[in-house]
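# Coordinate analysis (summary)
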Amino acid sequence: MKRIYLAAVMLVPLWVSAGGAQEYPLMNMIADRVIQKYQQATCEQLWKKKGHKTDEEKNLIQLLRDDPQMRHAFIDKVAAPIANKMFDCGMLP
């Protein structure tokens, strides 16, 4: 699973630069996995993981920093589900 995620993260810039597409299918796949991860996690798991990032997550963050349009699309997709879960877990005021 981690290998697939890492491969997808590494292929996103290639897909975007090769196609110049407005939509980001690989980013959408990764965003769906991020949303699923938050929805399936318990509040306790989220509290324990808060502030700790895997290498794959760090790579994704760097990709999103390097591509503002992709970052905008990613945040638009994941913000509400993640914020709702964090609110339910008392991680947001």
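Let me sum up the structure you'll find in this document. Here the structure is a predicted model, which is why all the values come from computation and not from measurement. (Residues numbered from 1 in each chain as written. Predicted model: local features only at pLDDT ≥ 70, side-chain atom pairs only at ≥ 80, totals over all residues. Heavy atoms only, no water.)

## Concerning the state of the cysteines
Selection rule: In what follows, a disulfide is any cysteine sulfur pair within 2.5 Å. Note on conventions: DSSP H or I runs of at least 4 residues are helices, E runs of at least 2 residues are strands, and numbering of each starts at the N terminus. Each residue is assigned to one of three classes by its accessible area relative to the maximum for its type, calculated with a 1.4 Å probe on protein chains only: buried under 20%, partly exposed between the two thresholds, exposed over 50%.
Across all of its chains, the model carries one disulfide by this definition. Note on cysteine connectivity: Cys-43 is disulfide-linked to Cys-89, with sulfurs 2.1 Å apart. In this structure the cystine formed by Cys-43 and Cys-89 twists about its S-S bond by roughly -75°; its chirality is therefore left-handed. One end of the pair, Cys-43, is in helix 3 (residues 43-49); the other, Cys-89, is in the segment after helix 5 (68-88), with 46 residues separating them in the sequence. Residue classification places Cys-43 among the partly exposed residues on the basis of a relative accessible area of 28%. For Cys-89, a relative accessible area of 10% corresponds to the buried category.

## With respect to the side chain of Asp-67
Definition in use: For the purposes of these results, a polar contact is taken to be a pair of N or O atoms within 3.5 Å, where, inside protein, one atom must be able to donate a hydrogen and its partner to accept one; residues adjacent in sequence count only when each atom of the pair is a side-chain atom.
The residue Asp-67 is located in the loop between helix 4 (55-66) and helix 5 in this model. Side-chain polar atoms of Asp-67 contact the backbone nitrogen of Gln-69, separated by 3.2 Å.

Geometric values such as these leave the question of function open.
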